[in-house]
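Coordinate analysis (summary)
Residues per chain are reported as follows:
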Amino acid sequence: MRQKRGFLLLSVIILVVTFSYLSISIIQNQTFSSQIDKLKYLEIQEKIHFDNIKRYIDKTNTESLILAYKLNDTRFDLIIKSEHSEDLNNSKITYHITIQSKDEHVTFYQTIIK
């Protein structure tokens, strides 16, 4: 009779440990997947902001207005820097654009030559 109780207790302990491990693994995978989705969303949002900035730069000829451009999104920081270069009578301005998420470490960097 004692052996049956001992075996039953051992079986229950093994089952509890096994299901606990599986539950923790599932929760960790879901959390990791959720974090990846969040980072993908932020990256897509940064690319959308960049496309808007690029259109603005194409339409605007005043460097000071381009450098003063601000995002309407408080989740991101925008840094625009300009660099002047001359190449055989051609004057070029290179804009270095960095868009960075404030909460997560997601950064988008691109240059535009005008």
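Notes on the structure follow. Small disclaimer: the values here were computed from a predicted structure and weren't measured.

1. Some remarks on the sheet that holds strand 2 (residues 90–101)
Reading across the sheet, the three strands line up as 1-2-3 and stay open at both edges, with antiparallel pairing between neighbours. The sheet is open, and its two edges are formed by strand 1 (76–87) and strand 3 (107–113), each paired on a single side. Averaged over neighbouring strand pairs, the angle between their axes works out to 15° when direction is ignored. As judged from the seven bridges shared by strand 2 and strand 3, these two strands associate in the antiparallel manner. If you follow Thr94 over to strand 3, its bridge partner there is Ile113.

2. Notes on the pairing of strand 1
In this sheet, strand 2 lies alongside strand 1 in antiparallel orientation, the contact comprising 12 bridges. By the bridge assignment for strand 2, Lys81 is matched with His96. Linking strand 1 back to strand 2 in an antiparallel pair, the connection comprises two residues, with Leu88 at a positive phi of about 50°.

3. Points about the nonpolar core
Counting residues in hydrophobic clusters, the biggest one holds 15 residues, and the most contacted among them are Phe50, Ile53, Ile57, Ile80, Tyr95, Ile97 and Ile99. Elements supplying a minimum of two residues to this core: helix 1 (2–59), strand 1, strand 2 and strand 3. Leaving out residues up to four positions away in the same chain, Ile97 has contacts with Phe50, Ile53, Ile57, Leu78, Ile79, Ile80, Phe108, Tyr109, Gln110 and Ile112.

4. Some points on the packing of aromatic side chains
By the definition in use, this model includes two aromatic pairs. Relative to Phe108, the ring of Phe50 has its centre 5.3 Å away and its plane inclined at 55°; by these criteria the two rings are tilted. A residue pair is termed long-range when its members are at least 10 positions apart, and Phe50 in helix 1 and Phe108 in strand 3 qualify at 58 residues. Both residues of the pair, Phe50 and Phe108, count as buried.

5. Some words on helix 1
For helix 1, which comprises 58 residues, the first-to-last C-alpha distance of 86 Å matches the rise-based estimate of 86 Å (1.5 Å per residue) to within 8%. When helix 1 is considered as a whole, its buried residues turn out to be Leu42, Gln45, Glu46, His49, Phe50, Ile53 and Ile57. Check the buried side of helix 1 and you find it contacts helix 2 (63–67), strand 1, strand 2 and strand 3.

About the thresholds
- Residues numbered from 1 in each chain as written.
- Predicted model: local features only at pLDDT ≥ 70, side-chain atom pairs only at ≥ 80, totals over all residues.
- Heavy atoms only, no water.
- Pairing = 2+ DSSP bridges.
- Helix = DSSP H or I, 4+ residues; strand = E, 2+ residues; numbered from the N terminus.
- Axes fitted to C-alpha atoms, helices over the stretch in contact; angles between N-to-C directions.
- Core = buried A, V, L, I, M, F, W, Y, C linked by side-chain atoms within 4.5 Å.
- Buried < 20%, exposed > 50% of the residue type's maximum accessible area, 1.4 Å probe, protein only.
- Contact = heavy atoms within 4.5 Å.
- Phe/Tyr/Trp six-rings, centres within 6.5 Å; stacked < 30°, edge-to-face > 60°.
- Expected span 1.5 Å × (residues − 1).

Limitation: the analysis is restricted to geometry and does not speak to function.
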